[in-house]
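Next come the chains, spelled out residue by residue.
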Amino acid sequence: MAASIEEKRITNFARQNFIKLFGNGDICAVAAPGRVNLIGEHTDYNAGFVLPMALPLVTVMVGRQTNSNICRISTLAENVDQPRTIELQLPSEKDQLAPGEPSWANYVKGVMANYKGKLCSFDAVIASSVPVGGGVSSSAALEVATYMFLDQISQDNGNFSLKDKALACQKAEHDFASMPCGIMDQFVSFMAKEGHALFIDCRSMESKLVPMNDPGLSVLVTNSNVRHELTGSEYPTRRRQCEEAAHALGKTSLRDATIKELEGHKHELFDEVYRRARHVIGEIQRTEESVLALENGDYTCFGKLMIASHNSLRDDFQVSCVELDELVDIALSVKGVYGSRMTGGGFGGCTVTLLKTEAINHLQDAIKIKYSGSATCYICTPCDGARRVRLD
Ligand code: GAF
């Protein structure tokens, strides 16, 4: 899927609807991608490493600044709670904004509340091809698109760094969606580069681009199209358990802990807490090793690390589900597949599979025949982060 085709389709859709709702005239458009995490799951809030890449799937926001002191925001995204259009009084102070109903608007309001430049009133329409609840970061794509849009229309956007903007979007998600997420999703949605995965050190917030442009290598993202309701409640619990383990080991975060130290404290920890920590410590190490493997073109090694990651998420971190396990097993039964794992927060959503390009059709056929549900497959090349979109 070429980013530009997808981007054009969604942008035109949003633009036509904008004109219907708010009239013709000067319109600007921005796009922010969803992401797939290749490896490094549930490590970002443990100050660890992650290795995501941006997807061709995007959220776009089109619109313009107005002089009305009212912000009118409309969404075309599927699966949203009603109403689809909200009107907000432009607040004199950003902290007057508060979360509420409809829930989709909280991501937009949260970013407005944390926007670092000067807010102005606007009309906007949002459209997206990032599947909601797919574990490919539809929330971050909406937050980052909102931030980019505000930057485009503001008279004074303050020229902040992408890192500052990512942190503002993360805070929006914490405060307005009650989701204590790490920094991975917002960071990669801002900073990704075409043809590369992004290795992020979530402690120093430094990152390195890792080339991923071998035509013989492909990435298949498979949406299980299931979402178990546990996600909302289990994520904060996992985060708390990790903090509890770090505390018991006398560390600021699990990034600084070793398996040996964990074993030494095993008797002091609840079994669940011990296993959560074992996943995180192992996953941080796997992520470091996977970058070297990718840089050396050692896809077999990378694939093995992905499989170990999945097993650890399933058995120790306990965030997988039967559908994701089934999709991983199907992928691993196909010749030419290097590795496969669940990706994102878990309890449904997507798997990511690294494979030889020549094996893609076989894998898609196997999923069609063997998967007990109905899956959606996306062949993905690494795309650019958030950008302004030119309107023809
Ligand atoms: C979700 C969160 F938003 C991320 O910060 C990350 O923790 C991920 O789950 C798990 O790796 O996408």
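Residues numbered from 1 in each chain as written. Predicted model: local features only at pLDDT ≥ 70, side-chain atom pairs only at ≥ 80, totals over all residues. Heavy atoms only, no water.

Labelled according to an unreviewed UniProt entry, the chain appears under the name Galactokinase-like, originating from Priapulus caudatus.

**Student:** Is there a simple way to explain the confidence of the model for the chain in this structure?
**Tutor:** Should the pLDDT be low somewhere, the predicted coordinates at that spot are not to be read in detail. In the predicted model, the chain carries a mean pLDDT of 95, and the fraction of residues at 70 or more is 99%. Model confidence for the complex is summarised by a pTM of 0.97, with the ipTM given as 0.99. (pLDDT = per-residue confidence, 0-100.)

**Student:** Explanation requested: unusual backbone geometry in the structure shown.
**Tutor:** A cis amide bond links E101 to the next residue, P102, at an omega of -5°. Along the polypeptide, P102 turns up in the loop between β4 (85-89) and α2 (105-114). At S178, a residue that is not glycine, the phi angle is positive and equals roughly 50°. Despite not being glycine, M205 has its phi angle at roughly 60°, a positive value. Look at M205 and you get buried, because its relative accessible area is 13%. (Helix = DSSP H or I, 4+ residues; strand = E, 2+ residues; numbered from the N terminus. Buried < 20%, exposed > 50% of the residue type's maximum accessible area, 1.4 Å probe, protein only.)

**Student:** It is not clear to me how the packing of helix α3 (residues 138-153) against helix α4 (residues 162-177) should be interpreted in this structure. Could you clarify?
**Tutor:** Between two packed helices, both the angle of their axes relative to each other and the distance between the axes serve to describe the pair. In contact at an axis separation of 10 Å, α3 and α4 are set at 125° when each is read in the N-to-C sense. In terms of axis orientation, α3 runs oblique to α4. The hand of the α3/α4 crossing is right-handed. Across from S139, A140, E143, V144, Y147 and D151 in α3, the residues of α4 making contact are K165, A168, C169 and E173. Here the residues of the contact of α3 with α4 are counted per class, giving five nonpolar, one polar and four charged. (Axes fitted to C-alpha atoms, helices over the stretch in contact; angles between N-to-C directions. Parallel < 35°, antiparallel > 145°, perpendicular 65-115°, else oblique. Left-handed = near helix turned anticlockwise from the far one by under 90°. Contact = heavy atoms within 4.5 Å. Nonpolar A, V, L, I, M, F, W, Y, C, P; charged D, E, K, R; others polar.)

**Student:** Looking at this model, I keep getting lost on the UniProt feature "domain: GHMP kinase C-terminal" (unreviewed entry) in the chain. Mind explaining?
**Tutor:** UniProt records the feature "domain: GHMP kinase C-terminal" (unreviewed entry) at residues 293-371, using the numbering of this structure. Secondary structure across residues 293-371 comprises 53% helix and 19% strand; the distance between its end C-alpha atoms is 30 Å. (UniProt positions renumbered as here; feature names shortened; annotations may be inferred.)

**Student:** Would you take a moment to explain the pattern of salt bridges for this structure?
**Tutor:** Close approach of charged atoms lets side chains of opposite charge pair. The tally for this structure, following the rule as stated, stands at 20 salt bridges. The salt bridge involving E6 is made with R9; its shortest N-O contact spans 3.2 Å. Taken as a pair, E6 and R9 lie in helix α1 (residues 3-22) at a separation of three residues, close to a single helical turn. By relative accessible area, which is 9% here, E6 ends up buried. In this structure, R275 and D271 form a salt bridge, with 3.1 Å as the shortest nitrogen-oxygen distance. Remark: D271 and R275 occur in helix α8 (residues 271-295); sequence separation between them is four residues, near one turn of the helix. Residue R275 is classed as partly exposed on the basis of its relative accessible area of 22%. Shared partners join several salt bridges into a network, and the residues in it are E41, E283, R286 and R341. (Salt bridge = Lys/Arg side-chain N within 4 Å of Asp/Glu carboxyl O.)

**Student:** When you look at the site of the ligand in this model, what are you seeing that I'm missing?
**Tutor:** The full set close to the ligand counts 13 residues, and E41, H42, D44, G182 and Y235 are the nearest of them. The contact in question runs from an oxygen atom of the ligand to an N or O atom on the side chain of E41, over 2.6 Å. In this structure, G182 approaches the ligand through a main-chain N or O atom, which is 2.9 Å from an oxygen atom. Looking at side-chain class alone, the shell around the ligand contains five nonpolar, four polar and four charged residues. (Near = heavy atom within 4 Å. Polar contact = N/O pair within 3.5 Å; in protein donor to acceptor, adjacent residues only side chain to side chain.)

**Student:** Please clarify how the nonpolar core should be interpreted in this entry.
**Tutor:** Side chains of nonpolar character tend, in soluble globular proteins, to be buried together. Ranked by size, the top nonpolar core spans 55 residues in total, and within it L38, L51, M212, V221, F302 and L354 carry the most contacts. The biggest single contributor to this core is α8, with nine residues. Counting 51 residues, the second largest nonpolar core, distinct from the first, contains A54, I73, A168 and L198. (Core = buried A, V, L, I, M, F, W, Y, C linked by side-chain atoms within 4.5 Å.)

**Student:** Could you clarify how one ought to interpret α4 in this entry?
**Tutor:** Because each turn of an α-helix spans 3.6 residues, side chains separated by three or four positions end up pointing in the same direction. The end-to-end C-alpha separation of α4 is 22 Å, in line with the 22 Å expected for 16 residues at 1.5 Å each. Turning to α4, the residues buried within the fold contact α2, α3 and α5 (184-191). Of the residues one or two after α4, S178 is the one with positive phi, at around 50°. (Expected span 1.5 Å × (residues − 1).)

**Student:** In this structure, what is going on with the pairing of strand β6 (residues 196-201)? I would like to understand it.
**Tutor:** Buried residues dominate β6, accounting for five of its six residues. Both strand β2 (residues 49-65) and β6 contribute to a ladder of two bridges, which runs antiparallel. Within β6, the position partnered with V50 by the bridge is I200. Pairing geometry for β6 and strand β7 (residues 206-211), over six bridges, is antiparallel. In the strand pairing of β7, H196 is matched with P211. Once β6 ends, the chain turns through four residues before running back antiparallel as β7, passing M205 with a positive phi of about 60°. (Pairing = 2+ DSSP bridges.)

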